Amino acid sequence: MYKKRTRIWSMLLVAALLLSLLPVTALANSYENCTDGDSCTQHEAAIGSTHYDTIGEAIDAANKTSGSDTITITLLKDATLTGGEQSGYYKIKRILKNITLDLGTHKLTYNENGGFAVDPNCHFTIQNGTYINASTDAYAQAIEGTKRAYEGPGCTITIAKDAVIQAAYGICADGHTTINVYGKIISTVDGIFGAGPKNNVMLDGATIEAGVYGVYQQSKDGGSTYTIKNSTITTP
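Rules used in this analysis
Residues numbered from 1 in each chain as written. Predicted model: local features only at pLDDT ≥ 70, side-chain atom pairs only at ≥ 80, totals over all residues. Heavy atoms only, no water. Buried < 20%, exposed > 50% of the residue type's maximum accessible area, 1.4 Å probe, protein only. Helix = DSSP H or I, 4+ residues; strand = E, 2+ residues; numbered from the N terminus. Arc of directions from axis to C-beta. Pairing = 2+ DSSP bridges. Axes fitted to C-alpha atoms, helices over the stretch in contact; angles between N-to-C directions.

J.: Please clarify how helix H3 (residues 55-63) should be interpreted in this entry.
T.: An α-helical turn contains 3.6 residues, so any two residues separated by three or four positions project in the same direction. Within H3, the full set of buried residues consists of Ile55, Gly56, Ala58, Ile59, Ala62 and Asn63. Seen along its axis, H3 keeps its buried residues to an arc of 160 degrees; they face one direction.

See the structure below:
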(Lines give C-alpha, C1' and ligand atoms only; values in the text may rest on other atoms or scores of the structure.)
Protein backbone atom coordinates (compact mmCIF):
# COMPACT_ATOMS: atom_id res chain seq x y z
CA MET A 1 0.00 0.00 0.00
CA TYR A 2 2.85 2.39 0.86
CA LYS A 3 4.55 1.78 -2.50
CA LYS A 4 1.22 2.35 -4.30
CA ARG A 5 0.69 5.69 -2.54
CA THR A 6 4.27 6.72 -3.31
CA ARG A 7 3.77 5.90 -6.98
CA ILE A 8 0.55 7.98 -7.14
CA TRP A 9 2.19 10.97 -5.47
CA SER A 10 5.15 10.69 -7.85
CA MET A 11 2.79 10.75 -10.85
CA LEU A 12 0.96 13.79 -9.48
CA LEU A 13 4.24 15.63 -8.92
CA VAL A 14 5.41 14.88 -12.46
CA ALA A 15 2.07 16.11 -13.86
CA ALA A 16 2.31 19.32 -11.84
CA LEU A 17 5.87 19.87 -13.06
CA LEU A 18 4.88 19.40 -16.70
CA LEU A 19 1.95 21.77 -16.25
CA SER A 20 4.25 24.45 -14.86
CA LEU A 21 6.41 24.20 -17.99
CA LEU A 22 3.55 25.01 -20.36
CA PRO A 23 3.66 28.46 -22.00
CA VAL A 24 1.45 31.02 -20.34
CA THR A 25 -0.57 31.41 -23.56
CA ALA A 26 -1.58 27.76 -23.35
CA LEU A 27 -3.29 28.43 -20.05
CA ALA A 28 -4.63 31.92 -20.49
CA ASN A 29 -5.02 34.01 -23.63
CA SER A 30 -7.09 36.92 -22.30
CA TYR A 31 -6.10 39.65 -19.89
CA GLU A 32 -8.73 41.74 -18.16
CA ASN A 33 -8.08 45.43 -17.52
CA CYS A 34 -4.70 45.56 -19.24
CA THR A 35 -3.05 48.70 -17.86
CA ASP A 36 -1.61 49.69 -21.26
CA GLY A 37 -5.07 50.25 -22.75
CA ASP A 38 -5.25 51.05 -26.46
CA SER A 39 -1.50 51.81 -26.52
CA CYS A 40 -0.69 48.20 -25.61
CA THR A 41 1.86 46.54 -27.89
CA GLN A 42 2.27 43.19 -26.15
CA HIS A 43 -1.22 41.99 -27.18
CA GLU A 44 -2.71 41.97 -30.67
CA ALA A 45 -6.35 42.74 -29.99
CA ALA A 46 -8.88 43.92 -27.44
CA ILE A 47 -12.57 43.67 -26.70
CA GLY A 48 -13.20 46.56 -24.35
CA SER A 49 -10.64 46.35 -21.56
CA THR A 50 -9.94 42.65 -22.13
CA HIS A 51 -6.85 42.04 -24.25
CA TYR A 52 -5.91 38.95 -26.25
CA ASP A 53 -2.56 37.60 -27.36
CA THR A 54 -3.80 37.16 -30.94
CA ILE A 55 -6.53 38.59 -33.14
CA GLY A 56 -7.73 35.03 -33.75
CA GLU A 57 -8.35 34.53 -30.02
CA ALA A 58 -10.30 37.78 -29.87
CA ILE A 59 -12.52 36.69 -32.78
CA ASP A 60 -13.06 33.28 -31.16
CA ALA A 61 -14.08 34.99 -27.91
CA ALA A 62 -16.53 37.26 -29.74
CA ASN A 63 -18.01 34.29 -31.60
CA LYS A 64 -18.76 32.58 -28.29
CA THR A 65 -20.69 35.45 -26.73
CA SER A 66 -24.43 35.26 -26.23
CA GLY A 67 -26.99 37.77 -27.44
CA SER A 68 -27.16 39.86 -30.60
CA ASP A 69 -25.35 43.03 -29.51
CA THR A 70 -22.52 44.18 -31.77
CA ILE A 71 -19.08 43.33 -30.39
CA THR A 72 -16.19 45.62 -31.30
CA ILE A 73 -12.76 44.05 -31.65
CA THR A 74 -9.88 46.53 -31.79
CA LEU A 75 -6.57 45.64 -33.42
CA LEU A 76 -3.73 47.01 -31.27
CA LYS A 77 -0.88 46.57 -33.76
CA ASP A 78 -0.11 45.14 -37.20
CA ALA A 79 -0.93 41.44 -37.06
CA THR A 80 -1.31 38.27 -39.09
CA LEU A 81 -4.41 36.17 -38.52
CA THR A 82 -3.67 32.43 -38.48
CA GLY A 83 -5.75 29.30 -38.47
CA GLY A 84 -9.29 28.74 -39.66
CA GLU A 85 -11.40 25.84 -40.80
CA GLN A 86 -11.67 24.05 -44.12
CA SER A 87 -14.96 24.62 -45.92
CA GLY A 88 -14.88 22.92 -49.29
CA TYR A 89 -12.24 24.57 -51.44
CA TYR A 90 -11.64 27.42 -49.01
CA LYS A 91 -10.03 27.73 -45.61
CA ILE A 92 -11.98 30.39 -43.73
CA LYS A 93 -12.27 32.32 -40.49
CA ARG A 94 -15.93 32.33 -39.50
CA ILE A 95 -17.80 35.36 -38.19
CA LEU A 96 -20.65 33.96 -36.08
CA LYS A 97 -21.87 37.13 -34.33
CA ASN A 98 -22.46 40.80 -35.06
CA ILE A 99 -18.87 42.04 -35.07
CA THR A 100 -17.17 45.34 -35.86
CA LEU A 101 -13.48 44.86 -36.57
CA ASP A 102 -11.76 48.17 -35.78
CA LEU A 103 -8.27 47.89 -37.26
CA GLY A 104 -7.01 50.84 -35.21
CA THR A 105 -5.18 52.30 -38.25
CA HIS A 106 -3.15 49.08 -38.41
CA LYS A 107 -2.80 46.35 -41.05
CA LEU A 108 -4.32 42.89 -40.67
CA THR A 109 -3.02 40.13 -42.95
CA TYR A 110 -4.57 36.71 -43.54
CA ASN A 111 -2.85 34.08 -45.66
CA GLU A 112 -5.68 31.55 -46.05
CA ASN A 113 -7.61 31.67 -49.32
CA GLY A 114 -11.13 31.90 -47.87
CA GLY A 115 -10.77 35.04 -45.77
CA PHE A 116 -13.63 35.90 -43.42
CA ALA A 117 -16.91 34.01 -43.92
CA VAL A 118 -19.88 35.83 -42.39
CA ASP A 119 -22.68 33.61 -41.13
CA PRO A 120 -26.33 34.26 -42.08
CA ASN A 121 -28.13 36.90 -39.95
CA CYS A 122 -24.78 38.36 -38.84
CA HIS A 123 -23.46 41.89 -39.44
CA PHE A 124 -19.72 42.30 -40.05
CA THR A 125 -18.06 45.71 -40.34
CA ILE A 126 -14.41 46.52 -41.06
CA GLN A 127 -13.21 50.02 -40.23
CA ASN A 128 -10.19 52.21 -39.59
CA GLY A 129 -7.34 50.35 -41.28
CA THR A 130 -6.24 47.88 -43.95
CA TYR A 131 -7.12 44.19 -44.26
CA ILE A 132 -5.22 42.11 -46.82
CA ASN A 133 -5.79 38.52 -47.84
CA ALA A 134 -2.25 37.73 -48.95
CA SER A 135 -2.97 34.22 -50.23
CA THR A 136 -1.45 33.56 -53.65
CA ASP A 137 -4.52 31.52 -54.62
CA ALA A 138 -6.07 33.04 -57.75
CA TYR A 139 -9.52 32.64 -56.15
CA ALA A 140 -8.64 34.06 -52.73
CA GLN A 141 -11.35 36.25 -51.23
CA ALA A 142 -11.22 38.87 -48.50
CA ILE A 143 -14.78 38.36 -47.24
CA GLU A 144 -17.56 35.93 -48.12
CA GLY A 145 -21.19 36.64 -47.34
CA THR A 146 -22.92 33.31 -46.76
CA LYS A 147 -26.60 32.35 -46.82
CA ARG A 148 -28.54 29.64 -45.00
CA ALA A 149 -30.37 28.36 -48.06
CA TYR A 150 -31.15 29.44 -51.62
CA GLU A 151 -34.12 31.36 -50.22
CA GLY A 152 -31.94 33.02 -47.57
CA PRO A 153 -31.44 34.53 -45.15
CA GLY A 154 -28.07 36.11 -45.78
CA CYS A 155 -25.77 38.49 -43.92
CA THR A 156 -24.62 42.12 -43.95
CA ILE A 157 -21.08 43.29 -44.73
CA THR A 158 -19.92 46.90 -44.37
CA ILE A 159 -16.62 48.44 -45.42
CA ALA A 160 -16.34 51.79 -43.64
CA LYS A 161 -15.00 54.91 -45.36
CA ASP A 162 -11.68 54.66 -43.49
CA ALA A 163 -11.12 50.99 -44.39
CA VAL A 164 -9.25 49.26 -47.22
CA ILE A 165 -9.60 45.58 -48.11
CA GLN A 166 -7.41 43.79 -50.61
CA ALA A 167 -7.51 40.32 -52.21
CA ALA A 168 -7.96 38.56 -55.54
CA TYR A 169 -11.71 38.88 -54.93
CA GLY A 170 -12.78 41.61 -52.52
CA ILE A 171 -16.24 40.52 -51.39
CA CYS A 172 -18.07 37.42 -52.62
CA ALA A 173 -21.84 37.36 -52.07
CA ASP A 174 -23.45 33.92 -51.94
CA GLY A 175 -26.95 35.39 -52.11
CA HIS A 176 -29.30 37.48 -49.95
CA THR A 177 -26.19 39.42 -48.92
CA THR A 178 -26.34 43.11 -48.07
CA ILE A 179 -23.08 44.88 -48.89
CA ASN A 180 -22.34 48.51 -48.02
CA VAL A 181 -19.04 49.90 -49.28
CA TYR A 182 -17.97 53.38 -48.26
CA GLY A 183 -14.23 52.67 -48.30
CA LYS A 184 -11.80 51.08 -50.74
CA ILE A 185 -11.50 47.63 -52.34
CA ILE A 186 -8.35 46.59 -54.22
CA SER A 187 -8.63 43.34 -56.17
CA THR A 188 -6.66 41.54 -58.84
CA VAL A 189 -9.87 40.00 -60.21
CA ASP A 190 -13.28 41.31 -59.08
CA GLY A 191 -13.99 43.89 -56.40
CA ILE A 192 -17.48 42.53 -55.67
CA PHE A 193 -18.61 39.17 -57.04
CA GLY A 194 -22.30 38.28 -56.79
CA ALA A 195 -22.59 34.50 -56.90
CA GLY A 196 -26.14 34.15 -55.58
CA PRO A 197 -29.62 35.67 -55.85
CA LYS A 198 -31.11 38.78 -54.27
CA ASN A 199 -27.96 40.55 -53.18
CA ASN A 200 -28.39 44.18 -52.15
CA VAL A 201 -25.20 46.13 -52.86
CA MET A 202 -24.59 49.83 -52.26
CA LEU A 203 -21.45 51.78 -53.11
CA ASP A 204 -21.45 55.29 -51.70
CA GLY A 205 -18.23 57.28 -51.78
CA ALA A 206 -16.40 54.03 -52.48
CA THR A 207 -13.29 53.32 -54.52
CA ILE A 208 -12.77 50.01 -56.30
CA GLU A 209 -9.57 49.14 -58.15
CA ALA A 210 -10.06 45.82 -59.92
CA GLY A 211 -8.05 43.68 -62.32
CA VAL A 212 -11.14 42.44 -64.19
CA TYR A 213 -14.55 43.67 -62.98
CA GLY A 214 -15.24 46.26 -60.33
CA VAL A 215 -18.71 44.79 -59.74
CA TYR A 216 -19.96 41.51 -61.21
CA GLN A 217 -23.26 39.66 -60.73
CA GLN A 218 -23.92 36.23 -62.22
CA SER A 219 -26.84 36.57 -64.62
CA LYS A 220 -28.33 33.20 -63.67
CA ASP A 221 -28.92 34.46 -60.13
CA GLY A 222 -31.50 37.21 -60.46
CA GLY A 223 -33.23 39.67 -58.18
CA SER A 224 -30.15 41.60 -57.05
CA THR A 225 -30.02 45.37 -56.60
CA TYR A 226 -26.86 47.44 -57.11
CA THR A 227 -26.78 51.12 -56.19
CA ILE A 228 -23.63 53.08 -57.09
CA LYS A 229 -23.22 56.75 -56.27
CA ASN A 230 -20.35 59.15 -55.65
CA SER A 231 -17.95 56.28 -56.29
CA THR A 232 -14.94 55.51 -58.49
CA ILE A 233 -14.42 52.13 -60.18
CA THR A 234 -11.16 51.56 -62.07
CA THR A 235 -10.50 48.54 -64.29
CA PRO A 236 -8.01 47.84 -67.12
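So that's the structure; there's more coming.
J.: Can you walk me through unusual backbone geometry in this structure?
T.: Trans is the prevailing form of peptide bonds, just as negative phi is the prevailing case for residues other than glycine. In this chain, Gly152 is followed by Pro153 through a cis amide linkage whose omega measures 0 degrees. Mapped onto the secondary structure, Pro153 falls in the loop between strand E13 (141-145) and strand E14 (156-159). In this model, Thr105 sits at a positive phi of 70 degrees, which is unusual for a non-glycine residue. Tracing the sequence through the fold places Thr105 in the loop between strand E8 (99-102) and strand E9 (107-110). Positive phi outside glycine occurs at Asn128, with the angle close to 65 degrees. Note that Asn128 resides in the loop between strand E11 (123-127) and strand E12 (129-133). Looking at Asn128, the relative accessible area reads 23%, which means it is partly exposed.

J.: I tried to follow the sheet that holds E11 on my own but got confused; where do I start?
T.: Adjacent strands of a sheet pair through backbone hydrogen bonds, lying either parallel or antiparallel. Spatially, ten strands are ordered E1-E3-E2-E4-E8-E11-E14-E17-E20-E23 in an open sheet, and the strand pairing comes out mixed. Strand pairing shows two members of the sheet lacking a second neighbour, strand E1 (30-32) and strand E23 (225-229), which therefore form its edges. The average undirected angle you get between the axes of adjacent strands in this sheet is 15 degrees. Sheet topology places E1 next to strand E3 (residues 50-52); three bridges connect them, and they run antiparallel.

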